[in-house]
Every structure is written in C-alpha cells, then in structure tokens.
Amino acid sequence: MGTFLGFVVTMTLLFCMAQGEVLYYDFVVKETPIQMLCGTNQTVLTVNGLFPGPQIQAHQGDTIYVNVTNTGPYGVTIHSHGVRQIRYPWSDGPEYITQCPIPTNSSFLQKIILTEEEGTLWWHAHSDWTRATIHGPIIILPVNGTNYPYKDTKDIIDEALATGGDPDLSVAYTINGQPGDSYSCSNDSTYNLTAVQGKTYLLRIIHSGLNEEMFFGIADHNITVVGMDGAYLKPLNTEYLMITPGQTMDVLVTANQTPGRYYMVFSPFVDTNAPSNDNVTRGIFQYTGTYNQSETPVLPELPGLTNKSDAGNFTIQLRSLNSAEHPSTVPTNITRNITITVSVNQQPCPTNQTCNGPDGSMHSASLNNISFSAPSISILQAYYNNLQGVYNKTFPDTPPFVFDYTGNVSALGEAANVTTEVLMINHNEEVEIRFQGTNLGAAENHPMHLHGYSFYVVGMGDGNFSDSYVSQYNTVDPPFVNTVGLPKNGWTAIRFKADNPGVWFMHCHLERHASWGMDTVIVVKDGPNDDQKVLPPPDDVPPCS
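Sequence order as written defines the numbering, with residues in each chain counted from 1. Since the coordinates come from a predicted model, pLDDT governs what is reported: local features require at least 70, and pairs of side-chain atoms require 80 or more to be given and counted, while whole-chain, interface and lining totals use all residues. Values reported for side chains reflect all heavy atoms of the structure, with hydrogen atoms and water molecules removed beforehand.

1. A short note on the overall build of the protein chain
Next up, step 1: Secondary structure elements follow DSSP: runs of H or I of four or more residues count as helices, runs of E of two or more count as strands, with numbering from the N terminus. Across its full length, the protein chain holds four helices and 32 strands.
Next up, step 2: Partly exposed describes any residue whose relative accessible area lies between the buried limit of under 20% and the exposed limit of over 50%, with all areas from a 1.4 Å probe on protein chains only and scaled to the type maximum. By residue count, 60% of the 545 residues in the protein chain fall in the buried class.
Next up, step 3: Surface summary for the protein chain: the accessible area is close to 20,500 Å², and the carbon and sulfur share equals 47%. For accessible areas, the Shrake-Rupley method is used with a probe of radius 1.4 Å. Any residue's cover is judged against the shown protein chains and nothing else.

Structure follows, in structure tokens:
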C-alpha cells in the first residue's frame with residue numbers, strides 16, 4: 001500500500017507516541033506576532049506560539065490531561081471537538097455552557113476521556129471567535145495491535161454584535177497556516193506536500209475555518225474518503241469532497257501521476273446571498289524526482305462557488321463502514337422525536353442606537369424561534385448544583401407554529417425570542433432530531449454540531465420534511481458523525497441514544513450564526529446507576545465572575 005502520512009487542513013492538513021493509558025500536554029495561550037497572513041504587524045492568539053496549534057496524539061481509549069494556561073488579554077475556553085467526554089462534561093469547553101472562561105494569568109487542567117473515537121478530530125477555542133487561530137488536531141490511533149480497517153478574532157465579532165451587522169470578511173483562507181500563492185503577499189509561504197511516486201498517503205483534513213463550507217481536490221488525482229469525525233466510512237472514491245466548518249475527514253491519495261507539481265485547492269461553497277469570501281487557498285502536491293520545477297502546477301477542476309447540486313451529491317454518498325469490527329448501531333425504537341427549525345432572523349434595533357443589519361435592524365438567528373442567550377454562570381454548574389434562575393427547561397420539541405418553512409415567508413415577522421432555554425432528555429432515550437431549514441433571512445447550508453455525542457444521519461432532503469420520508473431512511477449504514485450540513489431550504493434527520501449524561505451544547509458551526517443565537521443546550525439526565533451519572537467536577541473549575 002505504501003507509506004501513510006497524516007496531514008491536517010485551516011482548513012488544516014498534517015503529517016501523521018506510543019500508546020499510554022494517560023498522556024499529558026501543556027497549552028499556553030498567548031499573543032504571538034504572525035507574518036504569514038496578508039498584513040503587517042499582526043498579532044494573534046495562539047497556543048504555544050503555533051498556528052495551527054500543537055497536535056494531540058493518542059490511542060483509542062486513552063485519557064489525556066491538558067494543562068491550559070491563559071496569558072492572553074481575555075478569558076478563553078478549549079473544546080475537544082468530537083470527543084464524547086463520557087459522564088464528564090466539565091472539560092467540554094463551551095463558555096457559559098459547561099464552564100466559565102479561563103481568566104487571564106490562570107490555568108485549568110482539562111481531562112479528555114477517549115472511548116470509541118478513532119481517526120481524526122480536533123480541538124479549538126470555544127469563546128467568541130478565538131477559534132480562528134486557537135485550534136489544532138487530535139489524532140486518535142487504533143488500539144495497539146490493531147490496524148486501520150482499510151489498506152494501509154474577537155474584535156471582529158464584538159463590533160458586529162454591537163452594531164447588528166455582518167462581521168468583516170476574512171483576510172485569507174489557509175492550509176496549515178499558509179494562504180498559498182493565490183494571494184500576492186504570500187507567494188513564498190505556500191504549503192507543500194512532497195510525495196513519492198507509487199506511494200499512498202493518508203491525509204487528515206480538518207475544516208477549522210469560521211464561516212464557509214469548502215470543496216477540496218488535488219489536480220489529476222482521485223481521493224478516497226475512508227473516515228469522518230472520528231469514525232470509519234465505506235471507502236468513497238471521488239474527484240472532490242465538500243467539507244463544512246467543524247468536520248474532519250480522513251482521505252487516501254495515491255501518487256500515481258507523472259512526477260510534477262499539482263495544486264491541491266480549497267475553494268468555498270456559498271449558497272446564500274449573505275456576504276462571503278470567494279477567494280481560494282492553494283497548496284502543492286509535489287513529487288520527488290527530476291522534472292521542470294519552475295512549471296506552474298496543474299489546477300484541479302472543482303465545483304463552482306454556488307454549486308449546491310455537487311455539494312449535496314457528495315454528502316449523500318457517505319456510508320458508515322458497518323463491519324463486524326466497526327458495526328452500526330442505529331437507534332430504531334425512537335422514544336423522543338424532536339423537530340427544530342433553523343433560521344436566520346432579525347431583531348429590532350434598540351432605541352437610541354444605530355444598527356447595521358438589514359433595513360437598520362440587527363442580525364439574529366434561532367432554533368425553534370429561540371435565539372439563545374448565554375448566561376453569566378455556566379449552565380453545567382447551575383444544573384449540577386441545582387441553582388435556580390439561570391436557564392429555563394422549556395425548549396420545545398416542535399416549532400412554535402407551522403408554516404411553509406422553505407417557501408414564501410415574506411408575510412412573517414423575523415424576530416425571535418431571545419432567552420436561555422435548554423432541552424431536557426431522559427437518560428437512555430432513543431432520540432430523533434429533524435432539523436428543518438427555513439427561508440427566513442439569508443437561507444443557507446448550516447453545519448449543525450452536537451457536543452458529547454456522535455449521531456447517525458438517517459435522512460436528508462430538500463424542501464419541507466414529511467412523515468412519509470421516514471420509510472426512506474437509511475438505518476443500515478448511515479454516517480456516524482458529530483457535525484452535519486443541513487441543506488439550504490431542506491431537512492436533515494439524525495438519531496442517537498442519550499447514554500451520556502450531562503450538559504451538551506448544540507449549535508451551528510458557522511461562527512456568525514452561533515454568535516447570533518443559532519444554539520441551544522441539551523441536558524441529558526442521570527440514569528439510575530452510579531455509572532450513569534455525571535462525574536463530580538474538578539477542583540480547579542474556572543470561576544464565574
């Protein structure tokens with residue numbers, strides 16, 4: 001099969017310690033001068049001075065301790081994206097959901113509990129927009145003796161929220177921190193991957209971007225997708241992939257072309273009229289050997305900026321491996337059925353304030369017409385300590401009223417209720433959530449992410465959901481993921497068993513939408529047995545002030 005190398009995309013691409021039951025890492029959050037982006041005298045927040053941040057590597061079932069020391073100018077939190085954190089939400093990370101931010105000049109020892117996850121996940125900041133530069137890979141190798149199942153920016157959002165307008169567009173997309181030669185200021189900082197003809201490489205792709213889905217491809221090379229979000233897939237041979245913010249994919253690439261230089265490109269997929277960055281970022285897949293190194297690399301043919309058809313056609317081909325070693329266990333006895341409308345809204349401009357949203361309003365977003373408002377104390381601490389008045393337990397199982405969700409909504413008001421609501425779920429319930437996109441505001445694809453769980457994507461389609469679609473669900477080998485794209489003006493159905501008690505954030509992974517309130521919290525109650533209850537908190541939980 002040849003050599004396997006890992007590489008991560010920021011989008012993050014990355015080259016792939018011995019197994020140990022317990023591993024330790026030190027993360028120092030600090031301001032760091034950066035030269036690679038298009039600008040001068042820029043300082044960004046980093047972990048250990050690196051952008052992207054340091055790699056965490058472990059084996060399935062290991063426990064990892066990360067001592068996070070914050071020396072930056074404001075509080076931060078760190079989330080291990082896709083790690084279930086069984087019975088231990090204390091280190092899950094979203095601010096004011098499971099913890100308050102780690103204050104400046106203080107530390108928090110985070111415990112990452114790996115169980116069934118295997119493949120590529122990632123860690124990132126989960127406070128304001130700091131994940132733009134505070135992120136890095138989590139590589140989870142199979143248990144020793146087993147093999148792979150295949151051959152071998154805070155100011156920007158602060159200003160936008162204050163005025164109710166759109167946040168400024170990004171300066172650049174990057175691959176491993178390098179914008180590439182499509183930007184005139186960075187021709188000397190293009191990410192290069194050197195390949196030997198005939199060998200096959202494992203690329204670990206992490207979409208750590210903030211606000212755009214991406215197409216990816218390598219000129220003249222097919223790629224085989226074999227894993228996603230820390231779980232294996234049936235191998236899918238394809239010319240391109242579509243990946244949303246928050247998702248990870250493991251892909252194989254065989255260096256089977258004439259030795260030369262080939263562009264690998266990330267280009268955005270945009271299916272909305274909201275402002276977006278239509279730039280691309282390029283790296284180079286270059287062969288060893290003798291050839292004309294000065295020739296311009298070949299470009300891949302990727303779907304166009306607004307090609308919704310190709311985006312959807314890629315996603316619906318994904319299937320779980322569903323083998324004897326990696327079986328699919330799709331819930332089929334659904335005891336809780338939840339429908340959630342996903343909308344971009346507007347709020348009236350406050351009195352005596354000028355707002356930059358549509359027609360002088362403020363941008364907003366909602367789930368079931370509730371625009372989430374984070375409290376000043378973490379919901380996990382309030383729930384665990386039975387503190388009253390922090391949140392309401394009344395997030396509805398169905399939309400507050402029924403309408404033609406994906407049709408003409410011009411007669412409807414677009415204001416949502418701004419409040420702190422959580423969705424209560426009993427332990428071990430078999431849950432189905434039907435996400436329903438709406439045509440309110442600037443409709444688009446929404447990557448929906450659930451903390452504490454992976455889930456099976458059993459159905460997806462355009463338009464309004466109908467109960468008749470249930471008979472068409474894939475309950476045999478649906479993909480098992482933690483982030484899924486909800487099609488523009490469409491629906492997506494997911495299933496999971498609520499066997500991980502705790503407080504878990506659910507939100508759109510487009511950062512502007514999450515900032516506007518496209519979030520909620522799922523509280524899974526304790527079970528009757530001791531091993532079905534939330535574990536006690538650590539002694540150094542960051543204080544809420």
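So much for the structure itself; the text now carries on.
2. Considerations on the state of the cysteines
Next up, step 1: Only a pair of cysteine sulfur atoms within 2.5 Å counts as a disulfide in this structure description. Applying the stated criterion across every chain, the model contains two disulfides.
Next up, step 2: The disulfide that involves Cys349 links it to Cys355, with 2.2 Å between the sulfurs. Its S-S torsion of approximately 80° makes the covalent link between Cys349 and Cys355 right-handed.
Next up, step 3: The class for Cys355 is buried, based on a relative accessible area of 8%.

3. Regarding the environment of Pro300
Next up, step 1: Within the secondary structure layout, Pro300 lies in the loop between strand 19 (281-287) and helix 2 (308-315).
Next up, step 2: Distance from Pro300 to Val265, taken between C-alpha atoms, is 7.2 Å for residues 35 residues apart in sequence.
Next up, step 3: Contacts were defined at the residue level, with two residues in contact if any of their heavy atoms lie within 4.5 Å. With residues up to four places along the chain from it excluded, the contact list for Pro300 reads Gly217, Ile218, Ala219, Tyr263 and Val265.

4. Some details on the packing of aromatic side chains
Next up, step 1: Working definition: rings of Phe, Tyr and Trp (its six-membered ring) pair if their centres are within 6.5 Å, and the pair is stacked with planes under 30 degrees apart, edge-to-face with planes over 60 apart, and tilted otherwise. Evaluated as defined, the whole model comprises 18 aromatic pairs.
Next up, step 2: The interplanar angle of 90° and the centroid separation of 6.4 Å between the aromatic rings of Tyr201 and Phe285 together place this pair among those described as edge-to-face. Here the residue Tyr201 occupies a position in strand 12 (residues 200-206), and Phe285 occupies one in strand 19, the gap between them amounting to 84 residues.
Next up, step 3: Of the residues examined, Tyr201 reaches a relative accessible area of 3% and is grouped as buried.
Next up, step 4: Each residue in the set Tyr201, Tyr262, Phe285 and Tyr287 is aromatic and connected to the rest through ring pairs, giving one cluster.
Next up, step 5: We call a charge positioned over a ring when the NZ of a Lys or the CZ of an Arg lies within 6 Å of the ring centre and within 35 degrees of the ring normal. Residue placement shows Lys111 over the ring face of Tyr88; its charged tip is 5.3 Å from the ring centre.
Next up, step 6: Seen from the ring of Tyr263, Arg282 lies directly overhead, with NZ or CZ sitting 4.4 Å from the centre.

5. A closer look at the confidence of the model for the protein chain
Next up, step 1: Residue-level confidence of the predictor, termed pLDDT, takes values from 0 up to 100. The predicted model of the protein chain averages 87 in pLDDT, with 87% of residues at 70 or higher.
Next up, step 2: Low pLDDT, under 50, characterises residues 1-19; the predicted model gives this stretch 106 contacts beyond four residues in sequence or across chains.

6. Some words on the sheet that holds strand 7 (residues 78-81)
Next up, step 1: Note on pairing: two strands pair once DSSP finds at least 2 bridges between them. Read from one edge of the open sheet, four strands run 5-10-9-7, paired in mixed fashion. Each edge of the sheet is formed by a strand with only one pairing partner; in this case those strands are strand 5 (56-59) and strand 7. With strand direction ignored, the average angle separating the axes of adjacent strands in the sheet is 20°.
Next up, step 2: Bridge analysis of strand 5 against strand 10 (residues 135-141) gives four bridges, and the strand direction is parallel. Bridge assignment links Ile56 to a residue of strand 10, and that residue is Ile138. Note on definitions: angles span 0 to 180 degrees between N-to-C directions of axes, and those axes are lines fitted to C-alpha atoms, for helices only across the stretch in contact.

7. Focus: the sheet that holds strand 3 (residues 22-34)
One key point about sheets: their strands pair by backbone hydrogen bonds, in either a parallel or an antiparallel sense.
Next up, step 1: The strand order across the open sheet built from four strands is 4-3-6-8, with neighbouring strands paired in mixed fashion. Of all the strands in the sheet, the pair left with one neighbour each is strand 4 (42-47) and strand 8 (106-113). Here the strands of the sheet are splayed against their neighbours by 20° on average, with no regard to which way each runs.
Next up, step 2: Both strand 3 and strand 6 (residues 63-70) contribute to a ladder of eight bridges, which runs parallel. Considered in strand 6, the bridge of Tyr25 is made with Val66.

8. Focus on the pairing of strand 27 (residues 455-462)
Next up, step 1: Of all eight residues in strand 27, six are buried; the element is thus mostly enclosed.
Next up, step 2: Across two bridges, the pairing between strand 27 and strand 28 (residues 480-481) is antiparallel. What sits directly across from Phe455, in strand 28, is Val481.
Next up, step 3: The sheet contact formed by strand 27 and strand 30 (residues 490-497) spans six bridges and is antiparallel. Directly across from Tyr456, in strand 30, lies its bridge partner Arg495.

9. Considering the pattern of salt bridges
Once their charged atoms are close, side chains differing in charge can pair, the charge on each being opposite to the other.
Next up, step 1: Here, a salt bridge means any Lys or Arg side-chain nitrogen found within 4 Å of an Asp or Glu carboxyl oxygen. For the structure on display, the rule yields 13 salt bridges.
Next up, step 2: The closest approach of N and O atoms between Glu511 and Arg131, which form a salt bridge, is 2.9 Å. Take Glu511 and Arg131: they sit in the same class, and that class is buried.
Next up, step 3: Of the charged contacts, one joins Arg512 and Glu444 as a salt bridge, the two residues approaching to 2.6 Å between their closest N and O atoms. Residue Arg512 is found in helix 4 (residues 511-516), and its partner Glu444 is found in the loop between strand 25 (430-437) and strand 26 (446-450); the two are separated by 68 residues along the sequence.
Next up, step 4: You can call Arg512 buried: its relative accessible area is 5%.

10. Some thoughts on unusual backbone geometry
Next up, step 1: Here Phe51 and Pro52 are connected by a cis peptide whose omega angle stands at -5°.
Next up, step 2: By secondary structure assignment, the location of Pro52 is in the loop between strand 4 and strand 5.
Next up, step 3: For Tyr96, which is not glycine, the phi dihedral falls at a positive 65°.
Next up, step 4: Residue Tyr96 is classed as partly exposed on the basis of its relative accessible area of 24%.
Next up, step 5: A positive phi is found at Asn369, a non-glycine position, where the angle reads about 65°.
Next up, step 6: By relative accessible area, which is 21% here, Asn369 ends up partly exposed.

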